[in-house]
Amino acid sequence: MQETLTHVPSCADDYDPTSLSIELARERIQQALQPIADQETLSLRQCLNRVVASVIHSPRQVPAHTNSAMDGYAIAGSDLPDNDNASKIFDIIGTALAGSPFTSDCQSGQAIRIMTGAVIPQGCDTVIMQEHVEVLAGKRVKIAGGHQKGQNVRPAGEDVDTGDTVLKPGRQITPADMGILASLGISEIRVFRRPRVAFFSTGDELCSVGETLQQGQIYDSNRYSLYGMLQRLGVEILDMGIVPDDPDAMHTALTSASHMADVVITSGGVSVGEADYIKTTLEALGDIHFWKVSMKPGRPLTFGKINQAHFFGLPGNPVSVMVTFYQFVQPALHYLASGKTHYPMTLTANCTSRLKKRPGRFEFQRGIYQQAKNGQLVVSKTGEQGSGILRSMSQANCFILLPVESQGAEPGETVEIQPFEGFI
Ligand code: AMP
Ligand code: MG
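As the structure is a computational prediction, the values presented were derived from the model and not from experiment.

Undergrad: So what exactly am I meant to see when it comes to the layout of surface pockets here?
TA: Taken as a whole, the second largest pocket spans an internal volume of roughly 440 Å³. Around the second largest pocket, the lining is made up of 23 residues, and of these Lys-296, Glu-363, Gln-385, Gly-386 and Ser-387 lie nearest the centre. Among the elements that take part in the lining of the second largest pocket, strand S24 (residues 362-371) stands out by supplying four residues, more than any other. A class-by-class count of the residues in the lining of the second largest pocket yields four nonpolar, eight polar and eleven charged. Taken together, domain 1 (22-34 + 195-338) and domain 4 (347-423) each give at least three residues to the lining of the second largest pocket, which thus spans both.

Undergrad: Can you walk me through the sheet that holds strand S21 (residues 309-314) in this structure?
TA: Across the sheet, six strands lie side by side as S16-S13-S17-S21-S20-S18; this open sheet has mixed pairing. Two strands in the sheet have a free side with no partner beyond their single neighbour: strand S16 (236-243) and strand S18 (286-292). Adjacent strand axes in the sheet meet at a mean angle of 15° when their direction is disregarded. Note: strand S13 (residues 196-202) against strand S17 (residues 263-267), five bridges, orientation parallel. Paired with Phe-199 across the two strands is Ile-265, which belongs to S17. Taken strand by strand, helix H4 (residues 247-260) contacts S13, S16, S17, strand S20 (300-306) and S21, and its axis lies near 175° from that of S16.

Undergrad: Even after reading the chapter, I still don't get the pattern of salt bridges, so can you show me in this structure?
TA: Pairing is possible between side chains of opposite charge, provided their charged atoms come close. One pass over the full model with this rule turns up twelve salt bridges. The salt bridge involving Glu-236 is made with Arg-196; its shortest N-O contact spans 3.2 Å. Of this pair, Glu-236 sits in strand S16 while Arg-196 sits in strand S13; the two residues are 40 residues apart in sequence, bridging distant segments of the chain. Judged by relative accessible area, Glu-236 falls into the partly exposed class, the value being 28%. A single salt-bridge network, built from bridges that share partners, covers Asp-38, Arg-193 and Asp-262.

Undergrad: It is not clear to me how the domain arrangement of the protein chain should be interpreted in this structure. Could you clarify?
TA: It is common to report an interface's size as the accessible area lost on association of the parts. Once the domains are mapped, the protein chain shows domain 1 (22-34 + 195-338), domain 2 (39-62 + 163-192), domain 3 (67-154) and domain 4 (347-423). Domain 1 and domain 2 are separated by 34 Å when their C-alpha centres are compared.

Undergrad: Looking at this structure, I do not really get the packing of H4 against helix H5 (residues 277-285). What am I missing?
TA: In helix packing, the relevant descriptors are the interaxial angle and the interaxial distance, both defined with respect to the helix axes. Interaxial distance between H4 and H5 falls to 10 Å at its minimum, and their mutual angle equals 35°. Judged by the sense of rotation from one axis to the other, the crossing of H4 with H5 is right-handed. Contact with H4, carried on its side by Pro-247, Met-250, His-251, Leu-254 and Thr-255, involves Tyr-277, Ile-278, Thr-281, Leu-282 and Leu-285 of H5 and no other residues of that element. Its residues assigned to classes, the contact of H4 with H5 shows seven nonpolar, three polar and no charged.

Undergrad: Would you explain the sheet that holds strand S8 (residues 133-136) in this entry?
TA: Strand pairing in a sheet relies on backbone hydrogen bonds. The paired strands run either parallel or antiparallel. Spatially, six strands are ordered S7-S4-S6-S5-S9-S8 in an open sheet, and the strand pairing comes out mixed. Two strands close off the open sheet at either side, each with one partner strand: strand S7 (126-129) and S8. Strand-to-strand twist of the sheet, defined as the mean angle between neighbouring strand axes without regard to direction, takes the value 40°. The pairing of strand S4 (residues 72-75) with strand S6 (residues 110-114) spans three bridges and is antiparallel. From the neighbouring strand, Gly-72 faces S6, where its bridge partner is Ile-114.

So, how was this worked out
Residues numbered from 1 in each chain as written. Chains lettered and ligands numbered in written order. Predicted model: local features only at pLDDT ≥ 70, side-chain atom pairs only at ≥ 80, totals over all residues. Heavy atoms only, no water. 1 Å grid on protein atoms, 1.4 Å probe; cavity = no way out; pocket = protein on both sides within 12 Å on 5 of 7 lines; lining within 4 Å. Points joined across faces, edges and corners; volume = space filled by probe spheres on them. Helix = DSSP H or I, 4+ residues; strand = E, 2+ residues; numbered from the N terminus. Nonpolar A, V, L, I, M, F, W, Y, C, P; charged D, E, K, R; others polar. Domains from an automatic or database assignment. Pairing = 2+ DSSP bridges. Axes fitted to C-alpha atoms, helices over the stretch in contact; angles between N-to-C directions. Contact = heavy atoms within 4.5 Å. Salt bridge = Lys/Arg side-chain N within 4 Å of Asp/Glu carboxyl O. Buried < 20%, exposed > 50% of the residue type's maximum accessible area, 1.4 Å probe, protein only. Left-handed = near helix turned anticlockwise from the far one by under 90°.

Written out as structure tokens, the structure reads:
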């Protein structure tokens, strides 16, 4: 086929016939996952972002009573003036406040002073806004024509009715959901257990924050960006520190991590040319795949299982760690937590920078997008795009997505972006 000629690798591009597309990598990861089935019961305040485990039906109506939507006067709709030009005078025989109902009957020719949220009194079905009446001496009120029977009244159950399905399993609880559950008087919720994630950094050159750097050492930044990304997801975090480039240490750390967590994440040590022992160590521990994903940054990616835990071996470069986490690990954790598949959302924006790229790999360049005066999204790149330049991630608020075949972009071209806000 003629078309495949463009895919023939050459030293001038980044094509690698043995590499895996992002889609295929995602598919293979997804196929290996089973959503977490363990459940727990939590109080309402602890439920934000947690995943509903059993369907919640409403035990009651909200609002519980038919009530007034306005401050005004409640009357019977049948008592309204006959036509738009007529008016009628009513005796004010009592007051209904929210939480303090008027308990007698309202007869023809009578009105009740009523406040927003107050129960509609017996005999009434209509509320006239206080701004639309004329209050007269002697506890009377004049109401003109032009009103509708039933106006300004909120029927019982208009928000939620008894037996309504309120939240289904898999739903991640939002602040609005917390409010609805409270309005139903539900104080405890059955939710799925959160995924437990253990992670550590590998590398003899790494030094922890708080220690003094020795010659040739660098501070371990990956553990902190990973910690932040995991924290945002609300998973249970087990930070296992730094593990040296040593087969036994690696073996021990991976084994104990796999017994404690649903997911084990490491960074570093999987790049081509890294000492072979890591591959051997991992292969001895479980069913592990070493992928070259056709993406930049983040080409080397290791995925598999160690005992019962899923394993992600992320690249060591700080930007690669974040890119591969967002594209692969985060959707996997989301699926384990909720049984739902959710990949980062993409938008289109007008590119104001010149973006350099060679065909062959899908690139995640770092960009800053904003809304221009005309409402259109515009995006510019953050500068140097090396996979070690973590400031590019810090300055960016989106990835600029450049597909495999793309040769970059010129100012004025439309590009796809993935805003970071959509990630959580
Ligand atoms: P590796 O994949 O282990 O070959 O690492 C690739 C690059 O990322 C090297 O320059 C490492 O020093 C760097 N690197 C690896 N792990 C970390 C880390 N935890 N924090 C900062 N840089 C790292
Ligand atoms: Mg290393």
